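Chain residues, written in single-letter form:
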Amino acid sequence: MASGLVAALAARGLRVAPFKVGPDFIDPSYHALAAGRPGRNLDPFLCGEELVRPLFLHGARGADLAVVEGVMGLFDGEGGGDFASTAHVARLLGAPVLLVVDASAMARSAAAVVHGYSTFDPRVRVGGVVLNRVGSDAHERMLREALSPLGVPVLGALRRDGRLAAPERHLGLVPAAERRRAAGEAVRRLGEVIGRRLDLEGVLRLARSAGPLEGEPWSPEAPGPPPPGARVAVASGPAFSFLYEENLELLRGAGAELLFFDPASSEGLPEGAGALYLGGGFPEVYAAELSENRPLREAVRLFAAAGRPVVAECGGLLYLARSLDGREMCGVLDAGARMTGRLTLGYRRARALSGSSLAEAGTEVRGHEFHYSAVEPAAGERPAWEVEGRGPEGFVAGGVHASYLHLHWAARPQMPRRLVRAAAGVGA
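First things first, this report covers the structure right here in the doc. (Residues numbered from 1 in each chain as written. Predicted model: local features only at pLDDT ≥ 70, side-chain atom pairs only at ≥ 80, totals over all residues. Heavy atoms only, no water.)

1. A few points about the packing of aromatic side chains
- Inspection of the entire model under this criterion finds 9 aromatic pairs.
- Ring geometry for Tyr277 against Trp409: centres 4.8 Å apart, planes inclined by 25°, an arrangement best described as stacked. Of the two residues, Tyr277 sits in strand β11 (residues 275–278) while Trp409 sits in the loop between β20 (400–403) and α14 (414–423), which places them 132 residues apart along the sequence.
- Relative accessible area serves as the criterion here: at 0%, Tyr277 is assigned to the buried category.
- Taking the relative accessible area as the measure of exposure, Trp409 reaches 1% and is therefore buried.
- Grouped by ring-pair contacts, the aromatic residues Phe25, Phe242, Tyr244 and Phe282 constitute a single cluster.
- Seen from the ring of Phe45, Arg366 lies directly overhead, with NZ or CZ sitting 4.7 Å from the centre. (Phe/Tyr/Trp six-rings, centres within 6.5 Å; stacked < 30°, edge-to-face > 60°. Helix = DSSP H or I, 4+ residues; strand = E, 2+ residues; numbered from the N terminus. Buried < 20%, exposed > 50% of the residue type's maximum accessible area, 1.4 Å probe, protein only. Lys NZ or Arg CZ within 6 Å of the ring centre and 35° of its normal.)

2. Concerning the packing of helix α2 (residues 26–35) against helix α8 (residues 180–197)
- The geometry of α2 relative to α8 is characterised by a closest axis approach of 9 Å and an angle of 65° between their N-to-C directions. As summarised for this structure, α2 and α8 are arranged roughly perpendicular, according to the angle between their axes. When you trace α2 past α8, the crossing you get is right-handed. The residues of α8 that touch α2, namely those facing Tyr30, Leu33 and Ala34, are Arg180, Ala183, Gly184 and Val187.
- Among the residues making up the contact of α2 with α8, the classes are represented as 5 nonpolar, 1 polar and 1 charged. (Axes fitted to C-alpha atoms, helices over the stretch in contact; angles between N-to-C directions. Parallel < 35°, antiparallel > 145°, perpendicular 65-115°, else oblique. Left-handed = near helix turned anticlockwise from the far one by under 90°. Contact = heavy atoms within 4.5 Å. Nonpolar A, V, L, I, M, F, W, Y, C, P; charged D, E, K, R; others polar.)

3. Regarding unusual backbone geometry
- A cis amide bond links Glu376 to the next residue, Pro377, at an omega of 0°.
- Among the secondary structure elements, Pro377 is positioned in the loop between β16 (364–376) and β17 (385–387).
- A positive phi angle, close to 55°, is found at Met72, a residue other than glycine.
- For Met72, the location among the structural elements is in the loop between β3 (65–69) and α5 (86–93).
- At Asp325, a position not held by glycine, the phi torsion is positive, near 50°.

What follows is the structure in structure tokens.
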């Protein structure tokens, strides 16, 4: 719904800034296709309440309006509470809510659902409803009649349509980076359908009803002169697509030139790279291609063995292991990785146990885990983090910092700046 709405508004010539509540990487990849600009995240847990508005103002520069996709149910936040929920972010931005209701098995009960959501928290303004998975014209009439006494406008109704589904696997939708042409066509088709079935003028009126936001936009620029000659090689491509846009902006803002490479197909590391950044993604899906690319695996191993700075998150951690489900990986870490049937998911609080090219010992962070894999052992002789309630996790070895934790560096800008200084050969 969110991607299709962004596409429909963009097709009308509007500049739309797309956002996602929470730590998701996959949904923003579809938002970016629909909007033609980066999809970004707004997460009070990862970044703090005080950064939500500045990050929003930064990401919405030059846009005519913003569309913020929620996470889970409207009021579902960290640990079953309200913090970091969609409602929380809506309050922080003073944004009205367009409530999407799955009406596939309801008639008059839909009115009870909308009434409950719109009155549950008076600080959250439900300004419109979209009915999803409606069965027929008659079904839509019944729903509209039931909802009419509530005074919440119905701004559209979408029929059940299997052609609008997107392929899924163990962590959600297949990322757009893995099916760019098909994903682009799917988003375009969604935009066409939503453009016909939603009252876009009503949606725009609802957006205009949001009050002005005071404050300064967030800036990724580092204070002081940047270190000369810093170049950071960033893993990209279908296997490594989980990167926050602000993390890349912070590296550039600290003075780094970013050099992108695909570990599944690149013949070698980018020339002149002073540091490697291996983000998350789906290395397990591309394990054969990653393993067969021996020259690059050897280049990564030698780079790390020379003590150069390497930062790896989740998928990057698996790539640095000896093996992944029996396939040879880089062998940088004395650990094996395997896929499991158990989902590890959730927010984490952690403290750096070992100083590294990324973090000083004692640095406290908030991160996120989302994986079906396990690394054995779970921590090296010098663990990266002490995770609250879990114990030591991750690896610091030479210049390598590898962990399952995904971090949004806007909350700790000193970390990417430390990495850039290490890439330039300047002491932290």
